[in-house]
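# Summary of structural features
As a plain string of letters, each chain reads:
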Amino acid sequence: MTIINKILKIELYALVGIAVLFSFQACNDAFNEHYSLDTEMRSDLNLIEYMQSRSDLGKFVELLEFTGYKDTLTHSQAYTVFALTNDALSDIEINESVADSLRLLVANHITGGTHVFPAIIKAFNGKYIEQQKDQGVFYYGDQKIAEPNLLTKNGVVHVMKTRVPYVMNIWEFIQNQPSLDSLRTYLNSISKLQFSPALSYDENSVFIDSVFVASNKFLNELGDIDDELFLSSVILPSNTAWNELYGKIFPYYRSLDKLDEDSTLITGEEQQVSLTKWSMIKDCVFGGLLEDPATKDSLRSTSGSVFKNPAYLFESSVKHTLSNGHAYVTDQMKNKLTDSWLKPIIVEAESDIYQKVVVSNCKLVTYSTFGSQFTASRNYFVRYEQLPGNDFSKVSVRFPIPNTLANVKYNIYCVFIPSNAINPDDTRPYYANFYLSYVDEEGNTITDQALTVENKVTNPDEITKLLVAENYQFSYCNLISGPASEVGKDISVYLKVENAARTRDERNGTYSRSIAIDYIILEPVMD
């Protein structure tokens, strides 16, 4: 089960939960109340015997036998069967070439237990289907029940003259749609079996057997579109859209060789392919049912990307209504590069989630801009204050910069908070040097290379967004994923900010030897 967006399921879970609760009660109190205990109303035959006694249900009984459900329905446990007449099955051929679809069809018309109306019931194939009563007429799904509530020894038969079609969920749709085979091939390639210690050992930690559980990164992280209770809307790229987008963003994910968790070598080319394909689909899933996306002011994908006025994403797509949501199939992915891939990279000074910030010759003090004339990002900033006695040492801080892309031009800025945000009488500006660490074209790590900066002095009266590097390109991407405390070691890009002011500069009031930083930002440059 996915661990994200569970809120989307609350209403449906509640509805289904209530329905299931009443369904189980139906086997006892509700069943007795709804169907009556009058033996004259109940057949002495079991479900199969009753259906066999009716010639108009002969083909449905034949289907039950062919699909293996006939024996199930002879058990003493209660079942509900929505039996189809011969006329409802007149176009159905029973043979092995369509055995799978026949099983899904039959399972669509059988459920465990007996259920009062109205209810949402879970059919044998896992689909949730509503049964209801409207003005004295009984329905299963959208189809009318011709003869409702025929009681047998082990359940209830509802005779129907029209079958309720099997509706695929989004995952099933992807697996069966010819135009989606590029997407399908990729999604299936990231499915794997994982050893489950919890299921392999008993409560006393005694080994029972090796149990492996199927896992898929897409389902786990972006949305369990194979779950009937996970309601979502998805944009699915056709083969045409897939190939076009792949060619467009592939250069951004140029990578170096690396070792995986099992110390297996992954070549840079393999890594580039993998990162590109994952990035292509990470913004395809949106929680909930989007009947008309054009009415939305904004949408957030399950990976967290926000799209304002998102109607353009769905232009020229074909909508398919499925059992757990909507699939919009498109021949062109309309995402703006700056919404999905070329996003600004922001490193807040007060945040060290990767535990890789390095400071020298100073102490860190976090301040708030609440109540001041300035407004910092997220209302907090950090002042790196000169330590007493370090007159000849320079204050510096080295920030990790995660998730840079290759072959993308960045303008790199450092945003400073003026000294008078803390002390209104301090009007001294900052004078800073900047150094960048990165991996060069040959794969060598370059540490703290000095950057040539045209203006190194801040404005003492306002927040200063200082340009550190213009149109800067990295040779390789440096994407980080996983728990922040564990992946900091994989960051290869750092920006070091050094206060270049000398002792006499501070004494004569020219510059402050402490510095206050709000954040570092890398803004992609769109040509």
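Look above for the structure.
Residues numbered from 1 in each chain as written. Predicted model: local features only at pLDDT ≥ 70, side-chain atom pairs only at ≥ 80, totals over all residues. Heavy atoms only, no water.

### A short note on the side chain of Ser-340
Counting through the fold element by element, Ser-340 comes out in helix α13 (residues 337–340). Leave out the neighbours within four places in its chain, and Ser-340 touches Lys-282, Asp-283, Phe-307 and Asn-335. (Helix = DSSP H or I, 4+ residues; strand = E, 2+ residues; numbered from the N terminus. Contact = heavy atoms within 4.5 Å.)

### Brief notes about the side chain of Gln-272
By secondary structure assignment, the location of Gln-272 is in helix α12 (residues 268–281). A relative accessible area of 11% means that Gln-272 is categorised as buried. (Buried < 20%, exposed > 50% of the residue type's maximum accessible area, 1.4 Å probe, protein only.)

### What about unusual backbone geometry?
For the bond running from Phe-117 to Pro-118, omega is -5°, close enough to zero to count as cis. Looking at the element boundaries, Pro-118 is found in the loop between β2 (110–112) and β3 (119–122). Look at Asn-407: it is not a glycine, yet its phi comes out positive at around 60°. Its place among the elements puts Asn-407 in the loop between β22 (396–400) and β23 (410–416). Even without being a glycine, Asn-471 presents a positive backbone phi close to 55°.

### Regarding the environment of Leu-89
Note on placement: Leu-89 falls in the loop between β1 (79–84) and α6 (99–107). Note on Leu-89: relative accessible area 0%, which makes it buried. Along the sequence, Leu-89 and Ser-43 sit 46 residues apart, while their C-alpha atoms lie 25 Å from each other. Ignoring any residue separated from it by four or fewer positions in sequence, one finds Leu-89 in contact with Lys-59, Phe-60, Leu-63, Leu-84, Leu-105 and Arg-163.

### Considering the sheet that holds strand β16 (residues 318–322)
The sheet built from 4 strands is open, its strands ordered β13-β10-β17-β16 with mixed pairing. The two strands at the open ends of the sheet, each matched to only one other strand, are β13 (285–287) and β16. Between one strand axis and the next, the sheet turns by 20° as a mean value, whatever way the strands run. By the bridge criterion, 6 bridges tie strand β10 (residues 232–237) to strand β17 (residues 325–330) in an arrangement that is parallel. Bridging from a neighbouring strand, Ser-232 pairs with Gly-325 of β17. (Pairing = 2+ DSSP bridges. Axes fitted to C-alpha atoms, helices over the stretch in contact; angles between N-to-C directions.)

### Observations regarding the packing of aromatic side chains
Under the criterion given, the structure shown has 18 aromatic pairs. When the centroid spacing of 6.0 Å and the interplanar angle of 45° are considered together, the rings of Tyr-186 and Trp-242 count as tilted. With a gap of 56 residues between them, Tyr-186 in helix α8 (residues 181–189) and Trp-242 in helix α11 (residues 239–249) connect regions that are remote in the sequence. Assessed through its relative accessible area of 7%, Tyr-186 is described here as buried. Trp-242 gets classed as buried once you look at its relative accessible area, which sits at 5%. (Phe/Tyr/Trp six-rings, centres within 6.5 Å; stacked < 30°, edge-to-face > 60°.)

On their own, these measurements won't tell you what the molecule is for.
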